[in-house]
Amino acid sequence: MTHPPGTVRKMLSRPEILLQIAEIKVLTPRVSAYRLVSPHGERLPTWSAGAHLNFRLPSGRTRCYSLCGDPANKAEYWVAVQREENGEGGSLEVAETFARGVVVPADPPRNGFPLAEDARHHVLIAGGIGITPVVAMIHHLKRNKASYFVHICARALKEVAFRDLIQAEVALGRAKLHLDGNDPARRPDMGAMVGAAVDGTHIYACGPAGFLKAFDRATESWPRGQVHVESFAPETKQTEGDRPFDVTIISTGKTIQVPAGTTLLAALKAAGHDIATSCRQGICGSCMVAYLDGEPDHRDQALTDDERREFLTVCCSRARSASLTLDL
Ligand code: FES
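Residues numbered from 1 in each chain as written. Predicted model: local features only at pLDDT ≥ 70, side-chain atom pairs only at ≥ 80, totals over all residues. Heavy atoms only, no water.

What follows deals with the domain arrangement of the chain. By the assigned domains, the chain splits into domain 1 (15-108), domain 2 (121-231) and domain 3 (237-326). Computed over C-alpha atoms, the centres of domain 1 and domain 3 are 27 Å apart. Residue-level contacts link six residues of domain 1 with eight residues of domain 3. Taken together, domain 1 and domain 3 are joined by zero salt bridges. Within the residue set of the side of domain 1 that touches domain 3, elements represented by two or more residues are strand S3 (52-56) and strand S4 (62-66). Counting residues per element, the side of domain 1 that touches domain 3 draws most heavily on S4, at three residues. Here the residues of the side of domain 1 that touches domain 3 sort into one nonpolar, three polar and two charged. (Domains from an automatic or database assignment. Contact = heavy atoms within 4.5 Å. Salt bridge = Lys/Arg side-chain N within 4 Å of Asp/Glu carboxyl O. Helix = DSSP H or I, 4+ residues; strand = E, 2+ residues; numbered from the N terminus. Nonpolar A, V, L, I, M, F, W, Y, C, P; charged D, E, K, R; others polar.)

Given below as structure tokens:
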């Protein structure tokens, strides 16, 4: 497809919402939850369990955090953020700048990790701060009297965010807490949590990279359509057999080569293009760039079909054609 340069962003610009921090709750020594409302008392855009918000932080960083409140509540959002002292600075910036009354811009909620509507039973598995989308799922499934079971994995009880909710679910026989004391010998048995695939059962996991690798291995025999994953670890999705391609930048006329094994994002950054990113896994949509020519190989879970006709996410997507032209 071909568009005159510079027109695409006007055709499909990304809306922005403003959210005011109304309340802050300390959930664990490292995790705080933030209640967000409209600064003008309006209803907030609707969302579904598994969705996230992509914040535009004062430094210019974008960061996405799963919504962890009740999706039926149209007046407020909740997110919970874990301080990562050795991370890239996003969570520390949130901790420093998200004070009561502060207004922050964000993209409207997106959902790359939805519940399967036709499932007869849901198994939810969370590691560490991966609990956040699972909490929203619990609210939704409870409200709809759906069949589900939750596994929460953490080092210690004091590190479990939303402890009251989880312990209430444990008491009702709908959840199990797996606390390993940070001892590798006591790591929960992922194979036992996952079990054998059952028709109509969908299984979901969210957590750090090593946790999800174990989940991937444990679900190898499951039909892919019944397995749902969200990761918080920045990880690109380049695969063996990826082909190199060229990218032409419309503003400069320069052509950049993207070798196999190098992401489009990395190639653009190496050429001096500053692209905003957050998840770097095709979930948040913050790295979407308009393309003017060529056929992308979309590998994200963030963009709608309409958006894919105009944009691609450069953190994970590549090209099916020999070249792409980007509106940068
Ligand atoms: S950075 Fe999140 S989709 Fe690319």
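Still more ground to cover, so stick around.
Quick look at the sheet that holds strand S12 (residues 245-249) now. Pairing in this open sheet of five strands is mixed, and the strands run S13-S12-S18-S14-S16 from one edge to the other. Unpaired on one side and paired on the other, strand S13 (255-258) and strand S16 (311-313) mark the two borders of the sheet. The sheet shows a mean angle of 40° between the axes of neighbouring strands, direction not considered. Strand direction decides the pairing type here: S12 and S13, joined by four bridges, are antiparallel. Looking across to S13, one finds that valine 247 is bridged to isoleucine 256. (Pairing = 2+ DSSP bridges. Axes fitted to C-alpha atoms, helices over the stretch in contact; angles between N-to-C directions.)

All right, on to helix H3 (residues 131-143) then. Note on helix geometry: an α-helix contains 3.6 residues per turn, so any two residues three or four positions apart are oriented the same way. The terminal C-alpha atoms of H3 lie 18 Å apart, and with 13 residues this matches the ideal 18 Å at 1.5 Å per residue to within 8%. Within H3, burial applies to Ile131, Thr132, Pro133, Val134, Val135, Ala136, Met137, Ile138 and Leu141. One or two positions beyond H3, positive phi appears at lysine 145, with a value near 50°. (Expected span 1.5 Å × (residues − 1). Buried < 20%, exposed > 50% of the residue type's maximum accessible area, 1.4 Å probe, protein only.)

We now examine the sheet that holds strand S10 (residues 201-207). Read across the sheet, five strands follow the order S9-S8-S7-S10-S11 without closing on themselves; strand pairing throughout is parallel. Across the chains shown, the open sheet's two edge strands, defined by having one partner strand only, are strand S9 (175-179) and strand S11 (227-231). The mean inter-strand angle of the sheet, taken between neighbouring strand axes irrespective of direction, is 10°. In this structure, strand S7 (residues 121-127) lies alongside strand S8 (residues 148-154), joined through six bridges in parallel fashion. Opposite valine 123, over in S8, you have phenylalanine 149 as the bridge partner. Running at roughly 120° to S9, helix H4 (residues 163-171) makes contact with S8 and S9 of the sheet. The sheet contacts of helix H6 (residues 209-218) involve S7, S8, S10 and S11, and relative to S10 the element is tilted by about 155°.

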